Amino acid sequence: MSKSINYLLILVGGLVALYAQAGETQNQYLLIGGVVVLMMGLYRISRNLSSKSESSDDDQHQQNPE
């Protein structure tokens, strides 16, 4: 459920940002709001990604010394 909300935030933020730039007169507040929603979705997704641990990196170098 949370994953789908993250993707929905990215999609809505991107669409709002594109819509704000599509018009002849740009609505700056709408553009900023779209970018903020887009960044919230990206942050929520990146927060759940695990980083590569250093122990697994060391294990790979020991197995394949170059």
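**Student:** Looking at this structure, I do not really get the overall build of the protein. What am I missing?
**Tutor:** Scanning the protein from N- to C-terminus turns up 3 helices and 0 strands. Along the chain direction, N to C, the helices and strands of the protein fall in the order α-α-α. Here the analysis covers contacts within the protein between residues at least 6 apart in sequence; of these, 58% occur between residues at least 24 apart. Total accessible area computed for the protein in this model is approximately 5,600 Å², and 60% of it derives from carbon and sulfur atoms.

**Student:** So what exactly am I meant to see when it comes to helix α2 (residues 28–47) here?
**Tutor:** Side chains that are three or four residues apart share a direction in an α-helix, a result of its 3.6 residues per turn. Under the 1.5 Å per step criterion, the end-to-end length of α2 is 28 Å for 20 residues, consistent within 8% with the ideal 28 Å. Within α2, burial applies to Leu31, Gly34 and Gly41. Taken end-on, α2 shows its buried residues confined to a sector of 95°, consistent with a single buried face. The exposed residues of α2 that point more than 90 degrees off its buried face are Tyr29 and Tyr43. Its side-chain oxygen 3.3 Å from the backbone nitrogen of Tyr29, Asn27 forms the N-cap of α2.

**Student:** For this particular structure, what's the right way to read helix α1 (residues 2–22)?
**Tutor:** With 21 residues, α1 extends 30 Å from end C-alpha to end C-alpha; this agrees with the ideal 30 Å at 1.5 Å per step. Considered for burial, the residues of α1 that qualify are Asn6, Gly13, Gly14, Ala17 and Ala20. Buried residues in α1, looked at end-on, bunch into an arc of 130°, giving them a common side. The outward face of α1, more than 90 degrees from its buried face, is lined by the exposed residues Leu15, Leu18, Tyr19 and Ala22.

Criteria and thresholds
- Residues numbered from 1 in each chain as written.
- Predicted model: local features only at pLDDT ≥ 70, side-chain atom pairs only at ≥ 80, totals over all residues.
- Heavy atoms only, no water.
- Helix = DSSP H or I, 4+ residues; strand = E, 2+ residues; numbered from the N terminus.
- Contact = heavy atoms within 4.5 Å.
- Areas by Shrake-Rupley, 256 points an atom, 1.4 Å probe, with all protein chains shown as cover.
- Expected span 1.5 Å × (residues − 1).
- Buried < 20%, exposed > 50% of the residue type's maximum accessible area, 1.4 Å probe, protein only.
- Arc of directions from axis to C-beta.
- Polar contact = N/O pair within 3.5 Å; in protein donor to acceptor, adjacent residues only side chain to side chain.

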